[in-house]
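# Structure at a glance
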Amino acid sequence: MDQLTSLLTTAGDRFTTNIKSTFTAMSPEKWIRLVIIAGTYMLLRPYIIKLGAKAQMRAHEKDEATAAAEAKISPNDLRGGKISIKEIPDDTSDEEEDDDGDNRKVKGESSAADWGKKARRRQRDMIKKLLEAEEKRLQESKEEEEDKDIEEFLVKE
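Residues numbered from 1 in each chain as written. Predicted model: local features only at pLDDT ≥ 70, side-chain atom pairs only at ≥ 80, totals over all residues. Heavy atoms only, no water.

### Quick word on the overall build of the chain
Stated precisely, the cut-off is as follows: Only DSSP runs of H or I reaching four residues or more are called helices, and only runs of E reaching two or more are called strands; each is numbered from the N terminus. Only protein chains enter the accessibility calculation, which uses a 1.4 Å probe; a residue is then buried when its area is under 20% of its type maximum, exposed when over 50%, and partly exposed in between. Throughout, a residue-residue contact means that at least one pair of heavy atoms, one from each residue, lies within 4.5 Å. Each accessible area is a Shrake-Rupley estimate made with a 1.4 Å probe; only the visible protein chains count as cover when residues are assessed.
Of the regular secondary structure elements, the chain holds four helices and two strands. From first element to last, N terminus to C terminus, the chain shows the α and β order α-α-α-β-β-α. When the 157 residues of the chain are sorted by exposure, 6% land in the buried category. Of all intrachain contacts in the chain linking residues separated by at least 6 positions in sequence, the fraction that spans at least 24 positions is 51%. Accessible surface, the chain: about 14,300 Å² in total, of which carbon and sulfur atoms supply 57%.

As structure tokens, then:
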């Protein structure tokens, strides 16, 4: 405990001695330089803060815009089966060509998880298979109903 108090008193003595010697040894040129630096900082600080706030606001707006563009198809829509086969893109690449021939990034194709190309392809294939199986089941049930209707007319009692 005595060592800690002696360490603290030594540090305090050195701090006060160094501060006193710093201010007593300063020449008028150093005082003018210190006043100019401090004054410039105080004058420019509000403008720098406003500039930083504007840059941060632009970044937040850009993030919100990209998030809204990517969330056109939600995962719940995919699970609920609300999408038809016509709405599922057949193209497996992430780029399309404009009329000018320029390559551009397709927006809204990737989910918020930013899946890889293979994962998106597997997801599309799975959705297509599920929708085709549902359509096939509905088609078979229609055919069975039609067969029953025809059977009524063919069977004589």
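### Considering the UniProt feature "transmembrane region" (unreviewed entry) in the chain
The condition is simple: UniProt positions are given in the numbering used here, feature names are shortened, and annotations may be inferred rather than shown by experiment.
Taking the numbering used here, the UniProt-annotated feature "transmembrane region" (unreviewed entry) corresponds to residues 31-48. Helix makes up 100% of residues 31-48 and strand 0%, whereas the separation of the span's terminal C-alpha atoms amounts to 25 Å.

### Some thoughts on the packing of aromatic side chains
Heads up, the rule is: Note on aromatic pairs: the rings of Phe, Tyr and Trp (six-membered ring only in Trp) are paired at centre separations within 6.5 Å, and the planes decide the class, stacked below 30 degrees, edge-to-face beyond 60, tilted for the rest.
All told, the structure shown has one aromatic pair when counted by the stated rule. When the centroid spacing of 5.7 Å and the interplanar angle of 25 degrees are considered together, the rings of F23 and W31 count as stacked.

### A closer look at a positive patch on the surface
Note the threshold: Each patch is built from salt-bridge-free residues with over 30% relative accessible area, joining like charges within 9 Å and nonpolar side chains (Val, Leu, Ile, Met, Phe, Trp, Tyr) within 5 Å. Here, a salt bridge means any side-chain nitrogen of Lys or Arg that lies within 4 Å of a carboxyl oxygen of Asp or Glu. Neither His nor the chain ends is counted toward charge; the positive residues are Lys and Arg and the negative residues Asp and Glu. By convention, the point assigned to a charge is CZ for Arg, NZ for Lys, CD for Glu and CG for Asp.
A cluster of basic residues, K117, K118, R121 and R122, forms a positive patch at the surface. The residue R121 is located in helix α4 (residues 117-154) in this model. Overall, R121 belongs to the partly exposed group, its relative accessible area being 32%.

### Quick look at α4
Defined as follows: What a helix should span is 1.5 Å times the count of its residues minus one.
End to end, α4 covers 55 Å across 38 residues, agreeing with the expected 56 Å (1.5 Å per residue, within 8%). For α4, every residue scored as buried is listed here: R120, R124, I127, K128 and L131.

### Considering the confidence of the model for the chain
The following threshold applies: For every residue, the predictor reports its confidence as pLDDT, a number between 0 and 100.
On average, residues of the chain score 79 in pLDDT, and 69% of them are at 70 or above. Between residues 94-100, whose pLDDT stays under 50, and residues either more than four places distant or in other chains, the model counts 16 contacts.

### Considerations on the pattern of salt bridges
All chains considered together, the criterion is met by one salt bridge. Put simply, E134 and R137 hold a salt bridge, and the shortest N to O gap is 2.7 Å. One end of the pair is E134 and the other is R137, both in helix α4 and three residues apart, which spans about a single turn. A relative accessible area of 36% places E134 in the partly exposed class. A relative accessible area of 47% places R137 in the partly exposed class.

### Examining a negative patch on the surface
A cluster of acidic residues, E140, E143, E144, E145, E146, D147, D149, E151 and E152, forms a negative patch on the protein surface. Look at E140 and you get partly exposed, because its relative accessible area is 40%.

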